[in-house]
Amino acid sequence: MTPNNEIVNDKCEALVKILPLRCILDQRAIRFIRLFARVDGDDESSNVAKSTKAKGRYWFPPPLFTSFRFKPFKLKVDYRPEKLDTQALRNGAIVELVNLSPIDNMVLMLGQVDLPDVTGIGEVLALAARQWVEDVCSTQLLKFLVNSRPLEPFKTVSQGAGDLVVLPWEAMQNGESVKKALRAGMKSFSKAVVYEAFTVTSRTSEFIADQISKLSVSGIGSNALPSRPLEAPRGVFDTAPHVVESITRGLQAANYKIVVVPYREYRRTGAKGAVTSVLKGIPVAIAAPASGAAEAFSYGMLGARNHFSPDIRKEEEASLRGLHLDR
Amino acid sequence: MILDKLPKPQRRQEGEAVGSSDDHMKLTRLFVSFADCNIDYSSSVHYKTPSRMMLRVGDLRLSSNLIWPAPQKQGFSIAFCDGALYLCKERFPYTFENSKIPRAGRFLSAIQVDVDSLGIDGVASADKVLAAMDYMTIGTLSSCDAIVVVSNSPPVLGTDASLQTSLTVGDLCVYACKDSFTRFVLTFSELSNDLTTLDSSALEVLRSQSYADLDEPEDTESQIDVIEQKIHAFEELKRQSVLRAVPGTGNKKPDHDFLLDGYDWTTVDQDESSKVEIDDGEEQSARWYRDDDQSQVTSMAFGKAVIATPSFGVIDPLAQQERQKLRVVTHHFPMTIVSDPMHDAADMGIGKLISESAKPQTKTRILIHDLSIRFRLFDGYDWPDLLDTRQRRTGMKGSFILDDIVNFTPEEELEISAVQSAKTNERETDVRAQLLGDLLGSPSDKPSETFKSCPLPEERGALLKEQSERRRLARRTAKYVQFVASGVSVRLDSLALSQDHRLASCLNLKARDFFLAETISSDRPVKMAGEWINDADHPRETSDGLVTMKVRYHNSLVYGLVEFDTHAQFGVLNSL
């Protein structure tokens with residue numbers, strides 16, 4: 001005990017090392033976690049502490065970390081916003097701008113954090129988070145802009161184009177083979193262009209397929225598009241089953257609206273009813289196969305992209321590992 | 001228990017009788033088994049959080065071979081499997097258990113054995129009884145095996161400990177909604193606070209221990225001398241740590257030429273196998289490593305006095321040929337299964353806490369191998385009837401039940417406040433009725449009892465609406481956030497007090513893999529946070545953990561506090 005009759009904190013030192021992490025964040029999930037961790041009404045833990053003190057008992061204080069060190073690590077972040085709070089933005093919460101557009105493949109470097117003389121693990125985490133946020137805001141804020149979904153393809157392609165110039169230049173400066181460097185630069189540039197072309201095409205056609213399928217009338221089921229397989233396709237040939245199923249589902253929806261329903265109407269009400277139902281089914285007969293074809297094309301592009309970028313495919317496979325067996 | 005007598009092997013002298021009773025050791029085989037039992041805990045009425053917890057134990061076994069006189073080491077094995085923890089939202093009465101006690105009516109009151117009011121009559125299965133009592137399953141543990149080794153002699157090597165506990169734990173799962181999780185945490189907190197906090201008498205004892213030594217010196221000058229000696233010893237320890245090169249730390253500032261994007265995350269930690277010396281900067285190279293011992297052994301095997309190493313300038317072709325047969329050094333597995341904690345802590349600058357000649361002895365060691373943890377936190381509430389009107393309406397309208405971004409119309413706000421005030425008045429009326437007691441008539445005269453079995457149409461409608469609301473607000477098993485950690489290994493070494501060092505305990509924690517998944521944003525689970533696999537940019541060693549944490553507790557230098565800090569650590573350990 002100290003001369004002031006207080007219980008002294010335990011002293012300790014800590015070191016934490018974290019390997020690179022991959023994060024796919026959704027605004028709704030973050031809000032859920034925040035609400036789950038929030039304590040409603042009074043702070044119940046402090047009520048427990050007060051009642052303990054009131055009963056004449058004395059807590060051991062939390063440990064004093066004379067040194068708490070987090071080693072630097074990398075984060076690759078995808079962010080999916082749900083909605084933008086315009087009221088908060090008007091009130092000065094600039095962080096809401098993050099919810100303007102999804103963010104893809106943003107790599108953040110979180111530097112080493114050394115915290116001296118901090119009491120309790122809660123304070124440690126809060127201070128560490130604050131330091132990281134300050135560090136990111138001061139050095140890596142531009143990444144939030146260039147990695148937003150509309151600009152991310154340009155960033156990747158321009159990085160590849162940069163390699164086309166920078167690598168030969170560096171080779172010339174270091175006296176190495178310029179031809180080899182030029183070949184490496186060409187490879188990097190073409191890889192970036194191909195990757196982004198497939199990705200953008202796949203996403204665009206997926207969006208189109210989704211919008212068109214919402215317009216089609218639900219005859220067979222609530223969704224004319226089949227759900228995608230859980231595993232990421234390794235190549236174009238792996239996409240074949242889903243491609244066939246998408247096209248088939250679209251044709252089935254069209255067949256149902258153009259053939260089956262008019263036939264039933266004809267049996268019930270006659271030719272006039274059949275013609276009316278055919279006319280009503282023409283939009284679906286056009287939209288359903290179109291959405292199926294768009295979905296098939298989108299998934300095919302995804303398979304082609306994974307074929308040319310096996311490292312991305314491995315990342316996606318790793319992000320699925322351990323998820324579905326726990327259900 | 002089986003009692004055996006083992007004869008001690010010994011040299012027989014001439015004329016000595018064999019098997020004299022003084023030379024025998026006694027062996028007792030101990031085997032205790034519990035199966036299908038429950039441990040029940042109901043929170044004290046003095047605690048704020050009403051709850052009742054039940055730990056169901058599927059199988060618990062304790063076994064050991066007890067030897068007397070006590071040998072150097074004694075081992076115990078404890079095996080536990082199929083455990084489950086249930087939580088109830090209130091202090092459910094023990095009337096059913098009381099009613100089973102023989103002749104309970106003689107020494108217990110009628111209320112204490114009243115089973116009819118519990119509402120579990122005619123319920124057959126255990127699960128239905130738990131559901132009727134509003135118990136929720138909070139957690140499960142598939143298995144846990146513990147080997148406890150008690151050493152009767154002081155540990156000699158750094159890898160030995162007086163008490164070593166090695167735990168192999170299976171899957172530890174927690175499934176809870178917000179209300180049940182909060183109640184469980186508060187129940188546990190209140191209990192652990194009571195067990196780990198000090199009362200006034202213990203505080204007085206502590207205070208007297210802290211200043212006991214200060215009473216011995218007769219004058220302040222000798223007190224100051226003693227304190228100065230301590231400070232000097234501390235400075236000496238610091239000086240030694242600065243002079244001594246501690247592997248893994250180094251006194252050099254990081255060279256910015258070798259930083260990636262301005263960060264030094266490419267630093268490679270110390271290799272576990274201490275017998276192999278790796279040149280600086282060559283940690284990532286792939287080649288065969290040799291150790292010096294092999295070359296010396298080779299030269300002696302051929303009977304040559306010369307040591308065949310290039311540094312001596314004499315090369316024996318036969319010895320050289322033998323040296324070509326290199327042995328493979330396993331980098332990813334340590335030479336000893338349990339390594340020296342001082343060695344593990346080398347990269348934390350442990351030199352400032354122990355002197356060069358110190359040999360810290362480990363008093364207690366706890367090892368946990370390959371633990372898997374799963375926390376699944378669901379949307380919804382396990383006990384929706386405890387919610388107020390606002391929470392219920394919010395849960396019905398938001399994108400998920402816990403959502404708080406809900407805008408009520410003015411009419412809805414008025415309705416909510418009206419319902420809440422009506423409930424408040426009803427509560428006040430009940431309190432008034434309780435205070436007035438029999439003046440309002442006996443409970444059996446209540447008019448509502450008459451129509452209990454046959455509700456009116458409007459009451460039936462309200463009842464259906466209430467049940468529908470409860471179902472909607474109940475736990476949604478398809479919407480959750482899940483935290484999974486696998487391959488968790490923990491090592492906690494608590495060291496004996498000594499004048500040679502200030503190190504109190506060491507904690508090493510490593511998780512091979514962990515991830516955070518959610519199904520809030522979509523129907524399929526999405527990994528919110530997990531390992532980023534990219535063999536080209538950052539290849540991962542098999543022995544690396546996704547998260548590694550090292551903590552070193554040390555004794556403070558304030559005079560007279562050494563004994564207290566050790567007790568505090570065990571208090572912290574108990575609360576953990």
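What counts as what
Residues numbered from 1 in each chain as written. Chains lettered and ligands numbered in written order. Predicted model: local features only at pLDDT ≥ 70, side-chain atom pairs only at ≥ 80, totals over all residues. Heavy atoms only, no water. Helix = DSSP H or I, 4+ residues; strand = E, 2+ residues; numbered from the N terminus. Buried < 20%, exposed > 50% of the residue type's maximum accessible area, 1.4 Å probe, protein only. Contact = heavy atoms within 4.5 Å. Areas by Shrake-Rupley, 256 points an atom, 1.4 Å probe, with all protein chains shown as cover. pLDDT = per-residue confidence, 0-100. Salt bridge = Lys/Arg side-chain N within 4 Å of Asp/Glu carboxyl O. Polar contact = N/O pair within 3.5 Å; in protein donor to acceptor, adjacent residues only side chain to side chain. Axes fitted to C-alpha atoms, helices over the stretch in contact; angles between N-to-C directions. Parallel < 35°, antiparallel > 145°, perpendicular 65-115°, else oblique. Left-handed = near helix turned anticlockwise from the far one by under 90°. Phe/Tyr/Trp six-rings, centres within 6.5 Å; stacked < 30°, edge-to-face > 60°. Pairing = 2+ DSSP bridges. Core = buried A, V, L, I, M, F, W, Y, C linked by side-chain atoms within 4.5 Å.

Chemist: Even after reading the chapter, I still don't get the overall build of chain B, so can you show me in this structure?
Modeler: Scanning chain B from N- to C-terminus turns up 14 helices and 12 strands. Within chain B, the proportion of its 576 residues that are buried is 34%. The contacts in chain B between residues at least 6 apart in sequence include a share of 71% that link residues at least 24 apart. Summing over all exposed atoms, chain B offers an accessible surface of approximately 35,500 Å²; the carbon and sulfur share of this is 57%.

Chemist: In this structure, what is going on with the confidence of the model for chain B? I would like to understand it.
Modeler: Note: predicted coordinates in regions of low pLDDT should not be interpreted at a detailed level. All names here are of chain B. Here chain B shows a mean pLDDT of 71. Residues at 70 or above account for 58%. Ranking the helices and strands of chain B by mean pLDDT puts strand β7 (residues 171–176) first, with 93, and helix α14 (residues 562–575) last, with 38. Contacts from residues 292–314, a stretch scored under 50 in pLDDT, to residues over four places away or in other chains number 24 contacts. Every residue in residues 329–337 scores below 50 in pLDDT, and together they form 11 contacts with partners more than four places removed in sequence or on other chains.

Chemist: What is the right way to look at the pattern of salt bridges in this model?
Modeler: Where charged atoms from two side chains of opposite charge come close, those side chains can pair. Evaluation of the coordinates by the stated rule reveals 32 salt bridges over all chains. Between A:D78 and A:R80 there is a salt bridge, with the nearest N and O atoms lying 3.7 Å from each other. Relative accessible area serves as the criterion here: at 25%, A:R80 is assigned to the partly exposed category. Ionic pairing is found between B:R365 and B:D493, a salt bridge with its closest N-O pair at 2.5 Å. In this pair, B:R365 sits in strand β8 (residues 362–379) while B:D493 sits in strand β9 (residues 476–495), placing the two residues 128 residues apart along the sequence. B:D493 shares its class with B:R365; the two are buried. Linked by salt bridges that have partners in common, A:R22, A:K76, A:D78, A:R80, A:D104, A:R149, A:R203 and A:E315 make up one network.

Chemist: How do you make sense of the environment of A:A293 when you look at a structure like this?
Modeler: All names here are of chain A. Following the sequence through the fold, A293 ends up in helix α9 (residues 271–308). Take A293: its relative accessible area is 38%, and that puts it in the partly exposed class. On a C-alpha basis, the gap between A293 and L320 in space is 26 Å, while along the polypeptide they are 27 residues apart.

Chemist: Mind showing me how you'd approach the interface of chain B and chain A here?
Modeler: It is common to give the size of an interface as the accessible area that goes away when the parts come together. With 86 residues of chain B in contact, the opposing surface of chain A contributes 76 residues. Put simply, chain B and chain A have one salt bridge between them. The shortest N-O distance in the salt bridge between B:D544 and A:K17 comes to 4.0 Å. At the surface where chain B touches chain A, the tally comes to 15 residue pairs in polar contact (both at pLDDT 80 or more).

Chemist: Any chance you could explain the packing of helix α7 (residues 178–215) of chain A against α9(A) here in plain terms?
Modeler: To describe two helices that pack against each other, one gives the angle between their axes and the distance between the axes. Residues and elements named next belong to chain A. Contact geometry of α7 with α9 gives a least axis separation of 8 Å together with a crossing angle of 155°. Classed by the angle they form, the pair α7 and α9 counts as roughly antiparallel. The two elements α7 and α9 meet at a crossing, and its hand is left-handed. Contacts from K191, V194, Y195, F198, T199, T201, S202, S205, E206, A209, I212 and S213 of α7 reach α9 at A287, A290, S291, A294, E295, F297, S298, M301, L302, A304, R305 and F308.

Chemist: I keep staring at the packing of aromatic side chains and nothing clicks. Help me out?
Modeler: The relation between two aromatic rings is expressed through the spacing of the ring centres and the mutual angle of the planes. Across all of its chains, the model carries 12 aromatic pairs over all chains by this definition. A centroid spacing of 6.1 Å and a plane angle of 50° characterise the contact between A:F36 and B:F181, whose relative ring orientation is tilted. A residue pair is termed interchain when its members come from two chains, as with A:F36 in helix α1 (residues 27–37) and B:F181 in helix α4 (residues 178–196). Ring geometry for B:Y175 versus B:F378: centroids 6.5 Å apart, planes at 35°, classification tilted. In this pair, B:Y175 sits in strand β7 while B:F378 sits in strand β8, placing the two residues 203 residues apart along the sequence. Put simply, the rings of A:F65, A:F68, A:F70, A:F73 and A:W132 touch in pairs and so form one group of aromatic residues.

Chemist: Explain the pairing of strand β3 (residues 52–68) of chain B to me, please; I cannot follow it from the model alone.
Modeler: Residues and elements named next belong to chain B. One ladder, built from 16 bridges, connects strand β2 (residues 25–42) with β3; its direction is antiparallel. Within β3, the residue paired with N38 across the bridge is R56. Following β3, the chain reverses through four residues before pairing antiparallel with strand β4 (residues 73–88).

Chemist: It is not clear to me how unusual backbone geometry should be interpreted in this structure. Could you clarify?
Modeler: Peptide bonds are mostly trans, and most non-glycine residues show a negative phi. Residue and element names in this part refer to chain B. In this model, W68 is joined to P69 through a cis peptide bond whose omega is 0°. With respect to the helices and strands, the residue P69 is situated in the loop between β3 and β4. Located in the positive-phi region is D36, a residue other than glycine, with phi close to 50°. Within the element layout of this structure, D36 appears in strand β2. In this structure D36 comes out as exposed when scored by relative accessible area, which is 61%. The residue D134 is not glycine, and still its phi comes out positive at about 65°. As for its placement among the helices and strands, D134 is situated in the loop between α3 (126–132) and β5 (135–151).

Chemist: Is there a simple way to explain the nonpolar core in this structure?
Modeler: Soluble globular proteins tend to bury their nonpolar side chains together. Core analysis: the biggest nonpolar cluster contains 46 residues, and A:F68, A:F70 and A:L75 have the highest contact counts within it. In this structure, A:L75 is in contact with A:L21, A:C23, A:M106, A:V107, A:L108, A:L110 and B:W532, ignoring residues within four places of it in sequence. Core analysis: the next-biggest nonpolar cluster, separate from the first, contains 12 residues, A:F32, A:L35, B:I401 and B:V481 among them.

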